[in-house]
Amino acid sequence: MDYYSDLYESLINISSQYNFDKIKKAYDYAHEMHEGQYRKSGEEYISHPVAVAKIVAQLELDTDSVCAALLHDTLEDCKDKTNGETIKKLFGEEVSELVDGLTKLVDIHFENREEESVENLRKMFLAMSKDIRVIFIKLADRLHNMRTLSAQPDEKQRSIALETMHVYAPLAHRLGIQKIKGELENLSLKYLDPIGYDEVKNDVEHRYGENRDFLENAQKQISEKLDSEKIKYSMSGRVKSIFSIYKKMYNQGKSFDEIYDFYAIRIIVDTELECYTVLGIIHEMFNLIPGRFKDYISTPKPNLYRSLHTTVIGRHGIPFEVQIRTWEMHTVAEYGVAAHWKYKSGDADKENIAEKLKWIRTLVETEKGDADNDEFLKPLKIDIFEDEIFVFTPKGDVISLQSGATAIDFAFAIHSEVGNRMIGAKVNGMIVPIDTVLQTGQIVEVITSSTPKGPSKDWLKIVRTSEAKNKIRQWYKREKRTENIAEGKSMIERELKGFGKAYTEQQRDEIISNISARIGMSDPDDFYNSLGYGGMSLSKIVPKLRDEFIRVVMPEGDDKLSDISGNMSVTYQDNSKKQPHGINQAVIVDGIDNCQIRFARCCNPLPGDKIIGFVTRGFGVSVHKQDCPNAIAGTSDESEKDRWVSVHWSQYSINHSNSESGFETILQIYAKNSLTVIAELSNLLNDLKVQVNTLNSKVIKTNKMLQITINITCKNTTHVNTILQRIRKLEDVSDVTRGFS
Ligand code: MN
């Protein structure tokens, strides 16, 4: 049989724009590769890739997709004759990537999985596909395999049908390919419950056979009316699929006669107003079944589906459903469910869905418009799982982790005992460092010791997931109480010393027992332990510590210490340590001699800035920029107005602006979220010989921009302005300001 002319006939009917030379070449190559191989049905193997290519063309995919469909089984089934390199040489990068993507998916097996892990496998499937065309071709491949499933042995039929039902049909649904979805479901059902399938099929044929022209008739009636009302519309009719009826009958215990939407008609119009107009017309023409009218336009479904549904009685008392929607609603209905790849229904986050829909919309638009060289679906990379990865355990279970997760995160995701005993890791069979960042599709194995060794505290800095962090902390809490208590004590000592006033051990104990009682811990050792293993953060305790310190150590203090930087933390004290010797002379407080001064962390004043001082109780004068929000608020507060004093930079600070020492300041940078921007930034600061004290970055949820906060040491305002200018010139940087922390 001449399979090629068969293929050519099909393709030319769809479009004359296909590159037939390339397709013929791919066909000849696949033919040669599969020479001597046969399908279970006895047909030549090439019949399968050709059939898949035809389905792919019906999906309006491009030339490269058709070629990839023809070649899709060559890498897997003809390993001794060809390889990816050869395919690339012969058919180019695109085709070779598609074939490669398809071959990788062969290794994902869905048989006999729990519901939950099937969901993960579906995601992994998508994550590994990278190019949406791979999924379309894979669906076409599966559809043809389902159509020819009868040639397979019984046992295989069942497992393939089950996998199709659980994985491929939902995928087709989410991609909005309702036709493939319906056929996959029906075919699966046929093999999973042959008796039930036949029963429903007979019922359908019987009912439909009696009223073969029912739908056409109803549509004609409606058309006449809509035309006379001069409404522009598009209308289609369908009979409910065997699988959908089966599902209703068996899952919801309904009888065939209770299925009111066996026949359905869909009307698509231009505007929302027209939807309601058409609804009115339908209700005028037919009697409606009470309780079946649904207005999903004013109350959309959680997946953003919008439409009007009503069920009316047609000829011979047969009910049928009418769905009315605009083109826009139709698009969302067809593709919007794709948003659920990531978000289970119910807890749908509207903003994110809107974002995902944008992606889907580009899919639709690319499909329709953009007549560059052919009108087919362009390559579309899938990046919906940018913040999630999927890896295998050696047994083949899929574990989903935050992207950036390491082998250590993986170990703790399996079980805390696995993490606690971890001494090494293997990725795809190779030994790797345990802090290796994992990628989707890898098989990860944890090497454990027979005796629990316990996680290293350094792992807290490496792990990405909060699960791993918590489990490591839990271990320390349990196993290292003595060490934790000692660590907690020394943290407290450091903090108290930072307050700059002597205290006795007794006073310290009083402070701590007061605080632990206030947060519900009867034993101060529990408090130290909690601080020591990191269950409680020091910065949260500091305000309480200050309050108690004032009360116990400085009882003459008449009210609570009111330094403005209320969230003074351990960094405050570090800061004062880091400030170069003699800094006291940098600022002169008018009217007060030899005063201890400190620069407020909230605004980090630099020589050159206009400044103002605040007299704290026991901490000297804290210096703010005049335009610091805290200073503005404070100076207008009657009760503390007197504490604000004028200060100015001393000659010392001006003379020494070129010395090695400097002042800390904070910069806020907004940049495009690219991999290189942080590297470019540190290179620049390095070139400028600017000391970087801390650098933090985070992605802003709403616009996906990168916000980078850096703490640097610089000389004065002139210096910082130069730095700002240089940073602003970086390509990916959109804004940079001297910020408040
Ligand atoms: Mn195949």
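Quick caveat, the model's predicted, so the values are computed rather than measured.

Once that is clear, we can look at the side chain of Gln 157. Among the structural elements, Gln 157 can be located in helix α9 (residues 154-174). Beyond its immediate sequence surroundings of up to four residues, Gln 157 is in contact with Leu 149, Ser 150, Gln 152 and Tyr 191.

Only His 48 (NE2), His 72 (NE2), Asp 73 (OD) and Asp 141 (OD) from the protein coordinate the manganese ion, and they sit 2.1 to 2.4 Å from it. The motif formed by the donor residues of the manganese ion, counted along the single chain, is H-x23-H-D-x67-D. Note that His 48 is positioned in helix α3 (residues 47-58) and Asp 141 in helix α8 (residues 132-147), a separation of 93 residues in sequence. Both residues of the pair, His 48 and Asp 141, belong to the buried class.

Bringing α3 into the picture now. Over its twelve residues, α3 extends 17 Å from the first C-alpha to the last, a length consistent with the 16 Å expected when each residue adds 1.5 Å. For α3, the full list of buried residues reads Ser 47, His 48, Pro 49, Val 50, Ala 51, Val 52, Ala 53, Ile 55, Val 56 and Ala 57. Looking at the residues trailing α3, positive phi occurs at Glu 60, about 60°.

Attention shifts here to the pairing of strand β6 (residues 319-326). With respect to burial, β6 is a largely interior element, eight of its eight residues being buried. On β6, burial covers both faces: Pro 319, Glu 321, Gln 323 and Arg 325 on one face and Phe 320, Val 322, Ile 324 and Thr 326 on the other are all buried. Both strand β2 (residues 263-269) and β6 contribute to a ladder of six bridges, which runs parallel. Looking at the pairing, Ile 268 lines up with Arg 325 of β6. As judged from the six bridges shared by strand β5 (residues 308-313) and β6, these two strands associate in the antiparallel manner.

With that out of the way, let us pick up the packing of aromatic side chains. This structure, assessed with the given rule, holds 19 aromatic pairs. Ring centres of Phe 214 and Tyr 263 lie 4.6 Å apart, and the angle between their planes is 40°; this geometry places the pair in the tilted category. Taken as a pair, Phe 214 in helix α12 (residues 214-228) and Tyr 263 in strand β2 lie far apart in primary sequence, 49 residues in all. Across this residue pair, the class does not change: Phe 214 and Tyr 263 are buried. One aromatic cluster is present, formed by Tyr 4, Tyr 8, Tyr 18, Phe 20 and Tyr 27 through successive ring pairs. Directly above the aromatic system of Tyr 4 lies the positively charged group of Lys 24, at a separation of 5.3 Å from the ring centroid. The side chain of Lys 457 reaches across the aromatic face of Tyr 476, ending 5.2 Å from its centre.

Another aspect to go through is a negative patch on the surface. On the surface, a cluster of negative charge is contributed by Glu 32, Glu 35, Glu 43 and Glu 44. Its place among the elements puts Glu 44 in the loop between α2 (20-33) and α3. Take Glu 44: its relative accessible area is 31%, and that puts it in the partly exposed class.

Rules of the game
Counting of residues starts from 1 at the beginning of each chain's written sequence and follows it residue by residue. Totals for whole chains, interfaces and linings use every residue, but because this is a predicted model, local features are given only for residues with pLDDT of at least 70 and side-chain atom pairs only at 80 or more, for both listing and counting. Heavy atoms throughout the structure, all of them, feed into the side-chain values; hydrogens and water do not. The numbering of helices and of strands both runs from the N terminus, where a helix is a DSSP run of H or I of at least 4 residues and a strand a run of E of at least 2. Only heavy atoms enter the contact rule, under which two residues are in contact if any of them lie within 4.5 Å. As a rule, N, O and S atoms within 2.8 Å of a metal are its donors, except that Na, K and Ca use 3.2 Å; water is not among the atoms, so sites may look incomplete. Residue exposure (1.4 Å probe, protein chains only): buried if accessible area is under 20% of the type maximum, exposed if over 50%, otherwise partly exposed. To estimate how far a helix should reach, multiply one less than its number of residues by 1.5 Å. Note on pairing: two strands pair once DSSP finds at least 2 bridges between them. Pairing of aromatic rings covers Phe, Tyr and Trp, the last through its six-membered ring, and needs centres within 6.5 Å; plane angles under 30 degrees mean stacked, over 60 mean edge-to-face, and all others mean tilted. Placement of a charge over a ring requires the Lys NZ or Arg CZ to be within 6 Å of the ring centre, with the centre-to-atom vector within 35 degrees of the ring normal. Residues enter patches when they are more than 30% accessible in relative terms and free of salt bridges; like-charged ones are connected within 9 Å and nonpolar ones (Val, Leu, Ile, Met, Phe, Trp, Tyr) within 5 Å. What sets the accessible areas is the Shrake-Rupley method with a 1.4 Å probe; for residues, cover comes only from the shown protein chains. Whenever a carboxyl oxygen of Asp or Glu lies within 4 Å of a side-chain nitrogen of Lys or Arg, that contact is scored as a salt bridge. Under the counting rule used here, the positive set is Lys and Arg, the negative set is Asp and Glu, and His together with the chain ends is not counted. A charge is said to be at NZ when it belongs to Lys, at CZ for Arg, at CG for Asp and at CD for Glu.

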